[in-house]
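# Secondary and tertiary structure notes
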Amino acid sequence: MELLVIWIICGVVTAIIAASKGRSGAGWLLVGLLLGIFGVILIACLPALVKEVPRTPQQYAAIQEPRREKNCPDCGETVLDVAKVCKHCGYRFDHTQAIKA
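Quick summary incoming for the structure in this document. (Residues numbered from 1 in each chain as written. Predicted model: local features only at pLDDT ≥ 70, side-chain atom pairs only at ≥ 80, totals over all residues. Heavy atoms only, no water.)

### With respect to the overall build of the protein
Across its full length, the protein holds four helices and two strands. Ordered by position in the sequence, the α and β elements of the protein form the string α-α-α-α-β-β. Within the protein, buried positions represent 17% of all 101 residues. Expressed as a percentage of contacts within the protein between residues at least 6 apart in sequence, the contacts between residues at least 24 apart total 32%. For the protein, the accessible surface area stands at approximately 7900 Å², while carbon and sulfur atoms represent 65% of it. (Helix = DSSP H or I, 4+ residues; strand = E, 2+ residues; numbered from the N terminus. Buried < 20%, exposed > 50% of the residue type's maximum accessible area, 1.4 Å probe, protein only. Contact = heavy atoms within 4.5 Å. Areas by Shrake-Rupley, 256 points an atom, 1.4 Å probe, with all protein chains shown as cover.)

Rendered as structure tokens:
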């Protein structure tokens, strides 16, 4: 009788672990009931299923921080706000240059 209770507990534990890893709890309950402790070990060794949600380019842009830029007064090219020297013409910025939003 104790062996039957342990077998059922192994099935339930297997199902709980499987559900927490994104797998079918009912299917793994059957595997746990059939394999006992080996089912628990098997599901414990398997990685979790992660569903990757496809993202649009707009969603990726929303995740990234907006880049702060400024225009070079000498050549008119756009450079990063943190730049001290224009990479296009070599103009040196002072700390009071306006930021282009």
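### Observations concerning the packing of aromatic side chains
Scanning the model with the defined rule gives one aromatic pair in all. Residue placement shows Lys70 over the ring face of Phe93; its charged tip is 4.1 Å from the ring centre. (Phe/Tyr/Trp six-rings, centres within 6.5 Å; stacked < 30°, edge-to-face > 60°. Lys NZ or Arg CZ within 6 Å of the ring centre and 35° of its normal.)

### Quick look at the pattern of salt bridges
In total, this model carries one salt bridge according to the counting rule given. The closest approach of N and O atoms between Arg68 and Asp81, which form a salt bridge, is 4.0 Å. With Arg68 in the loop between α4 (57-63) and β1 (69-71) and Asp81 in the segment after β2 (78-80), this pair connects stretches of sequence that are 13 residues apart. By relative accessible area, which is 21% here, Asp81 ends up partly exposed. (Salt bridge = Lys/Arg side-chain N within 4 Å of Asp/Glu carboxyl O.)

### Description of helix α2 (residues 25-35)
Within an α-helix, residues lying three or four positions from one another point in the same direction, as the helix has 3.6 residues per turn. In this structure Ser24 caps α2, since a side-chain oxygen of it lies 3.2 Å from the backbone nitrogen of Gly27. After α2 finishes, the residue Gly36 shows a positive phi value of roughly 65°. (Polar contact = N/O pair within 3.5 Å; in protein donor to acceptor, adjacent residues only side chain to side chain.)

The values are spatial; any link to function lies outside them.
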